[in-house]
Amino acid sequence: MESIIALIGFGEAGSTFAEAAGWEAGASAYDVLPGRRAAMEAAGVLVCATADDALADAGLVLSLVTADAALAAAKDYAALLKPGALWCDMNSVAPDTKRAAARAVEAAGGRYLDVAVLAPVNPARMNVPLLVSGAAADAAAEALRGAGFANVRVVGAEVGRASAIKMIRSVMVKGIEALTAEMMLAADAAGVTDEVLASLDASEKAQGWAARAAYNLERMTTHGARRAAEMEESAKTLIGLGVEPVMTSGTVRRQRELAGRADLFSDEREAAQ
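1. Here we look at the sheet that holds strand β8 (residues 152-156)
Now for step 1: Reading across from one edge, β3-β2-β1-β4-β5-β6-β7-β8 is the order of the eight strands in this open sheet, with mixed pairing throughout. Unpaired on one side and paired on the other, β3 (46-47) and β8 mark the two borders of the sheet.
Now for step 2: Pairing geometry for strand β2 (residues 27-30) and β3, over two bridges, is parallel. Residue pairing across strands places Ala29 opposite Val47, the latter belonging to β3.

2. Section: helix α1 (residues 12-21)
Now for step 1: Buried within α1 are the following residues: Gly14, Ser15, Thr16, Phe17 and Ala18.
Now for step 2: Where α1 is buried, its residues meet β1 (4-8), α2 (37-43) and α6 (121-124).
Now for step 3: A positive phi of about 70° marks Gly22, the residue just after α1.

3. Quick notes on the pairing of strand β5 (residues 86-89)
Now for step 1: Where burial is concerned, the two faces of β5 agree: the one with Leu86 and Cys88 and the one with Trp87 and Asp89 are both buried.
Now for step 2: Bridge count between strand β4 (residues 58-63) and β5: four bridges; the pairing is parallel. Bridging across to β5, Leu62 finds its partner in Cys88.
Now for step 3: The handedness of the β4 to β5 crossover, carried by helix α4 (residues 70-77), is right-handed.
Now for step 4: With four bridges connecting them, β5 and strand β6 (residues 111-117) associate as parallel partners. In the strand pairing of β6, Leu86 is matched with Arg111.
Now for step 5: One crossover worth recording links β5 to the parallel β6 by way of helix α5 (residues 95-107), and it is right-handed.

4. Here we look at the packing of helix α8 (residues 161-190) against helix α10 (residues 209-240)
Packed helices, taken two at a time, are described by the angle between their axes plus the distance between the axes.
Now for step 1: It is at 7 Å that the axes of α8 and α10 come closest, and there the two elements cross at 135°. With respect to each other, α8 and α10 are oriented oblique. The way α8 lies across α10 gives a crossing that is left-handed.
Now for step 2: Residue composition of the contact of α8 with α10, grouped by class: 15 nonpolar, five polar and seven charged.

5. Focus: the pairing of β6
Looking along a regular strand, one sees side chains alternate from face to face of the sheet.
Now for step 1: Most of β6 is tucked away: six of the seven residues are buried.
Now for step 2: Judged from the four bridges that link them, β6 and strand β7 (residues 130-133) form a sheet pairing that is antiparallel. Paired with Val115 across the two strands is Val132, which belongs to β7.

6. As for the pattern of salt bridges
Pairing is possible between side chains that carry opposite charge, provided their charged atoms lie close to one another.
Now for step 1: In total, this model carries 14 salt bridges according to the counting rule given.
Now for step 2: With a shortest N-O distance of 2.5 Å, Arg227 and Glu177 are connected by a salt bridge. Of this pair, Arg227 sits in helix α10 while Glu177 sits in helix α8, and the two are 50 residues apart along the sequence. Glu177 matches Arg227 in its accessibility class, with the two residues each being buried.
Now for step 3: Here Glu232 makes a salt bridge to Arg256, at a shortest N to O gap of 3.3 Å. Separated by 24 residues along the polypeptide, Glu232 in helix α10 and Arg256 in helix α11 (residues 246-258) bring together distant segments of the chain.
Now for step 4: According to the relative accessible area criterion, Arg256 is partly exposed, its value standing at 40%.
Now for step 5: Linked by salt bridges that have partners in common, Glu182, Arg253, Arg254 and Glu257 make up one network.

The rules behind these values
- Residues numbered from 1 in each chain as written.
- Predicted model: local features only at pLDDT ≥ 70, side-chain atom pairs only at ≥ 80, totals over all residues.
- Heavy atoms only, no water.
- Pairing = 2+ DSSP bridges.
- Helix = DSSP H or I, 4+ residues; strand = E, 2+ residues; numbered from the N terminus.
- Buried < 20%, exposed > 50% of the residue type's maximum accessible area, 1.4 Å probe, protein only.
- Contact = heavy atoms within 4.5 Å.
- Right-handed = clockwise from strand over helix to strand, strands pointing away.
- Axes fitted to C-alpha atoms, helices over the stretch in contact; angles between N-to-C directions.
- Parallel < 35°, antiparallel > 145°, perpendicular 65-115°, else oblique.
- Left-handed = near helix turned anticlockwise from the far one by under 90°.
- Nonpolar A, V, L, I, M, F, W, Y, C, P; charged D, E, K, R; others polar.
- Salt bridge = Lys/Arg side-chain N within 4 Å of Asp/Glu carboxyl O.

What follows is the structure, given as structure tokens:
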């Protein structure tokens, strides 16, 4: 990249990308949480005290904040972008949320891109699948590849198209996790976990259900709060499409309830991971 990369938000995604790509001083970073400074220093990026400092020279901006902060970040920092800067909104939010963010960025002279991240950043790292949509999608895809992302695909010129794919896909992915948790809670309570899992194995052998259940439960107990926020955006997506999110709303509740609650499940299930 000829121009500096700016990372707005330096949580798991930001730190993973920076370390995997080896951007070091080729990237600047800002996070509203002062505690993230140590991670920035460890990655070797330029640590910025303000968003203004991080964005001043950036031609490529990766917005990697939390879902509930994505729109506010775009509105608050749009005026700080240099003309023509690419604002890649990589947050898991509804298409309408991204379209609102795009209006703020484009009104300030930036170029807004809807970027959907289709897999956990770990272990995929720079191979994580990225879908890009927006008027400058081709330019953004080129810039992202230049920054080291190896799996980038343009899906259209319309902001909201990439996020629609992600949010609708999440209805299934996170829904299966939530259903797994509900099944396991009931099976443990009834003392029939092994029999239930064995019966599922008998009907589907691609992966043993003990391993599958353990994986789904780990994703929820480790990342449930973040995934619940994403599923709220999926629910908004369905509402915008005229579909009542009955199951998806239940997934939101189950993901949030089980965040940080690995203690609810038996040692045998943990050992299967």
